[in-house]
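This is what each chain is made of:
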Amino acid sequence: LTLDELQELISSGSAQVVDIRTSERFAAGHIPGAIHVPELFSYLAMTTDEGLEAFQQEFAALLSKRGVRQDRTLVLVEDSLETWFGGSCRGYWILTYLGHPDVRVLERGFMGWEHEGYPVSTEPVYTPASNFPVHPRSEMILTLEQMKDLLGSNDVKLVDNRDRVEWEGQSSSPYGVDFAPRKGRIPSAIWVEWYELMQQHLEYCTFKTPEQIRDICAAQGLFPQDDIILYCFKGARSSNSYVALKLAGFEKVRLYLGSWNEWSRDEQLPVEGPF
């Protein structure tokens, strides 16, 4: 959504803003009425049967407690589209995967909102509890077992969206060099750094045009009709790329939500690198 489109939805009472930033950032200023759900960015999900069950139950309870509603357009907000490693897009992906019918991302984020003079509040937000039913959309996700089965398959294209230092095995994560137990990458992965699909402007960041995104992907042998699986460290940057590819017309894009955080912790799973 553009800033103007969000303002129109807020004025009509049909939007619910969901802010994924830290408590400190939220308290310093937020869109009036925004619900604060930083866990959409921070939660480290595992995709075993037990892990997915815990993930779904956690967010069903959390989103209900925070008052997230099914009859509103949910608009995910971070500072800008790249400031929280694509956290607003991760929120979009999670809420859509969990079954919410109408989720959007604020294009220029809170920084754009504030820069253009839209209202900002520092008041606490109190929202009545709701009932957030979970209806997972299995077509959006790859589990650990599915990843094992598809490893090396010619039917899918696996894309690593992490930063160069992680792709080359110099660091295990954005949380620290040795946060995860192993460094490297999942075998057969193609590297398309998430930030390559972004366009930096003076005050904010947006996605590049659909044509530019398709050209970048084509240079790596990725085309709109391909079956594409994305991963990063925990699914934030790859959610950012998920949104970019969908906007560019890619038809079948799925996310390995557990990503490197999950894969690297199983010593039985193959790893390429470090390089």
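Summary of the structure given here. Worth saying up front: this structure is predicted, and the values here are computed from it rather than measured.

## Some thoughts on the overall build of the protein chain
So, point 1. Across its full length, the protein chain carries eleven helices and eleven strands.
So, point 2. For the protein chain, the C-alpha radius of gyration of 18 Å lies close to 19 Å, the compact-globule estimate for 275 residues.
So, point 3. C-alpha extents for the protein chain along the principal axes are approximately 50 × 40 × 35 Å.
So, point 4. Residues counted as buried form 52% of the 275 residues belonging to the protein chain.
So, point 5. Excluding contacts between residues fewer than 6 apart, the proportion of contacts in the protein chain whose partners are at least 24 apart in sequence is 76%.
So, point 6. In the form shown here, the protein chain has an accessible surface area of approximately 11,900 Å², with 50% of it arising from carbon and sulfur atoms.
So, point 7. When the 25 positive and 40 negative side-chain charges of the protein chain are each reduced to one mean point, those points stand 1 Å apart.

## Quick notes on the packing of helix H4 (residues 49-66) against helix H5 (residues 87-97)
Packed helices, taken two at a time, are described by their axes: the angle between them and the distance between them.
So, point 1. Remark: H4 packs on H5, axes separated minimally by 11 Å, with the N-to-C direction vectors making an angle of 100°. It follows that H4 is roughly perpendicular to H5 by the angle criterion. Here Leu52, Phe55, Gln56 and Leu63 of H4 come into contact with H5, specifically with Ile94, Leu95 and Tyr97.

## What to know about the environment of Tyr43
So, point 1. By the element assignment, Tyr43 lies in the loop between helix H3 (39-42) and H4.
So, point 2. Between the C-alpha atoms of Tyr43 and Phe55, which are twelve residues apart in sequence, the distance is 8.5 Å.
So, point 3. In contact with Tyr43, other than residues within four places in its own chain, are Ala54, Phe55, Glu58, Phe59 and Arg90.

## Examining the pairing of strand E1 (residues 15-19)
So, point 1. Of all five residues making up E1, five are buried, and the element is well covered by its neighbours.
So, point 2. Across the two faces of E1 the burial is the same, with Ala15, Val17 and Asp19 and Gln16 and Val18 all buried.
So, point 3. Both E1 and strand E3 (residues 73-77) contribute to a ladder of five bridges, which runs parallel. Bridge pairing in E3 places Gln16 opposite Leu74.
So, point 4. Bridge count for E1 against strand E2 (residues 35-36) is two bridges, and the pairing is parallel. Counterpart to Val18 in the pairing with E2 is Ile35.
So, point 5. With helix H2 (residues 23-28) bridging E1 and the parallel E2, this β-α-β connection has right-handed handedness.

## Quick look at the packing of aromatic side chains
So, point 1. Enumeration according to the criterion identifies 14 aromatic pairs in this entry.
So, point 2. On the basis of an interplanar angle of 10° and a centroid distance of 6.0 Å, the ring pair of Trp167 and Trp191 is categorised as stacked. Of this pair, Trp167 sits in helix H8 (residues 164-167) while Trp191 sits in strand E7 (residues 190-191), and the two are 24 residues apart along the sequence. Both residues of the pair, Trp167 and Trp191, count as buried.

## Quick notes on empty space enclosed by the protein
So, point 1. Applying the stated criterion across every chain yields a total of one cavity of 30 Å³ or more.
So, point 2. There is about 40 Å³ of room inside the largest cavity.
So, point 3. Breaking the lining of the largest cavity down by element, the ones donating at least two residues are strand E10 (227-231) and helix H10 (236-247).
So, point 4. Residues of the lining of the largest cavity, tallied by class, amount to eight nonpolar, two polar and no charged.

Rules and cut-offs
Residues numbered from 1 in each chain as written. Predicted model: local features only at pLDDT ≥ 70, side-chain atom pairs only at ≥ 80, totals over all residues. Heavy atoms only, no water. Helix = DSSP H or I, 4+ residues; strand = E, 2+ residues; numbered from the N terminus. Rg over C-alpha atoms; globule rule 2.2 N^0.38 Å. Buried < 20%, exposed > 50% of the residue type's maximum accessible area, 1.4 Å probe, protein only. Contact = heavy atoms within 4.5 Å. Areas by Shrake-Rupley, 256 points an atom, 1.4 Å probe, with all protein chains shown as cover. Lys, Arg positive; Asp, Glu negative; His and termini not counted. Charge placed at Lys NZ, Arg CZ, Asp CG, Glu CD. Axes fitted to C-alpha atoms, helices over the stretch in contact; angles between N-to-C directions. Parallel < 35°, antiparallel > 145°, perpendicular 65-115°, else oblique. Pairing = 2+ DSSP bridges. Right-handed = clockwise from strand over helix to strand, strands pointing away. Phe/Tyr/Trp six-rings, centres within 6.5 Å; stacked < 30°, edge-to-face > 60°. 1 Å grid on protein atoms, 1.4 Å probe; cavity = no way out; pocket = protein on both sides within 12 Å on 5 of 7 lines; lining within 4 Å. Points joined across faces, edges and corners; volume = space filled by probe spheres on them. Nonpolar A, V, L, I, M, F, W, Y, C, P; charged D, E, K, R; others polar.

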